[in-house]
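Here are the chains, one letter per residue:
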Amino acid sequence: MTEAIEGINPAVPPSGPGCLECEAEQGWWVHLRRCAECGHIGCCDTSPAQHASKHAKDTGHPFIQSFEPGEDWFWDFRSEEMYGGGPELAPPHSHPADQGVPGPRGRVPEDWQAHIH
């Protein structure tokens with residue numbers, strides 16, 4: 001896919017290897033999502049804090065892409081549709097494989113499943 005899509009900037013790198021807000025709060029996440037417009041890494045809606053959706057709501061940025069190893073799907077918050085592919089975003093395309101899911105290691109409570117949505 002080579003056409004420009006409003007709300008997707010393939011040149012912007014991800015903000016880091018983990019959820020920006022969870023890292024600042026010493027929190028944890030289940031899965032990670034990448035804003036396709038600005039590169040913000042946030043935690044998924046299963047995660048306790050749901051920072052990726054909050055980022056989309058606060059900024060109006062419409063697309064996220066999975067930031068999990070081996071996944072390349074996009075989600076459009078406007079239409080609530082998932083797409084099996086799209087433009088290739090700037091690397092890296094996922095968090096480090098050794099980071100663990102949920103993650104990051106050392107901050108995930110033993111009863112983590114009791115805290116998810």
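Residues numbered from 1 in each chain as written. Predicted model: local features only at pLDDT ≥ 70, side-chain atom pairs only at ≥ 80, totals over all residues. Heavy atoms only, no water.

You'll find the protein entered in an unreviewed UniProt entry as Ubiquitin-hydrolase Zn-finger-containing protein, with Nocardia bhagyanarayanae given as the organism.

Caption draft 1: Quick look at the overall build of the protein. Along the protein, the regular secondary structure elements total two helices and five strands. Walking the protein from its N terminus toward its C terminus, one meets helices and strands in the order α-β-β-α-β-β-β. The C-alpha atoms of the protein give a radius of gyration of 14 Å, which matches the 13 Å a tight globule of 117 residues would have. Judged by the C-alpha coordinates and their principal axes, the protein covers about 45 × 25 × 25 Å. Across the 117 residues of the protein, 41% fall into the buried class. Considering only contacts in the protein between residues 6 or more positions apart, those separated by 24 or more positions represent 58%. For the protein, the accessible surface area stands at approximately 6400 Å², while carbon and sulfur atoms represent 51% of it. Distance from the positive charge centre (7 side chains) to the negative charge centre (18 side chains) of the protein: 4 Å. (Helix = DSSP H or I, 4+ residues; strand = E, 2+ residues; numbered from the N terminus. Rg over C-alpha atoms; globule rule 2.2 N^0.38 Å. Buried < 20%, exposed > 50% of the residue type's maximum accessible area, 1.4 Å probe, protein only. Contact = heavy atoms within 4.5 Å. Areas by Shrake-Rupley, 256 points an atom, 1.4 Å probe, with all protein chains shown as cover. Lys, Arg positive; Asp, Glu negative; His and termini not counted. Charge placed at Lys NZ, Arg CZ, Asp CG, Glu CD.)

Caption draft 2: Looking closely at the nonpolar core. Counting eight residues, the largest nonpolar core is built from Cys 19, Cys 22, Trp 29, Leu 32, Ile 41, Cys 43, Ala 49 and Phe 67. The residues contacting Cys 19, other than those within four sequence positions of it, are Trp 29, Leu 32, Ile 41, Gly 42, Cys 43 and His 51. (Core = buried A, V, L, I, M, F, W, Y, C linked by side-chain atoms within 4.5 Å.)

Caption draft 3: Looking closely at the pattern of salt bridges. The final tally for this structure, using the stated rule, is two salt bridges. In this structure, the salt-bridge partner of Arg 107 is Glu 23, at a minimum N-O distance of 2.9 Å. With Arg 107 in the segment after strand S5 (81-83) and Glu 23 in helix H1 (residues 20-25), the pair connects residues that are 84 residues apart, well separated along the chain. Here Arg 78 ties to Asp 76 by a salt bridge, and the two come within 3.2 Å at their closest N and O atoms. (Salt bridge = Lys/Arg side-chain N within 4 Å of Asp/Glu carboxyl O.)

Caption draft 4: Representation of the environment of Glu 88. Here Glu 88 is to be found in the segment after S5. Sequence separation between Glu 88 and Ala 4 is 84 residues, and the spatial gap between their C-alpha atoms is 11 Å. Every residue in contact with Glu 88, bar those within four places of it in the chain, is listed here: Pro 10 and His 93. Within the local environment of Glu 88, its side chain forms a polar contact with the side chain of His 93, the two groups lying 3.4 Å apart. (Polar contact = N/O pair within 3.5 Å; in protein donor to acceptor, adjacent residues only side chain to side chain.)

Caption draft 5: The arrangement of the side chain of His 61 in detail. Counting through the fold element by element, His 61 comes out in the loop between helix H2 (51-59) and strand S3 (63-66). Within the structure, His 61 has its side chain in polar contact with the side chain of His 55 (distance 3.4 Å). Once residues lying within four places of it in the same chain are set aside, the contact partners of His 61 are Cys 35, Glu 37, Cys 38, His 55, Ala 56 and Phe 77.

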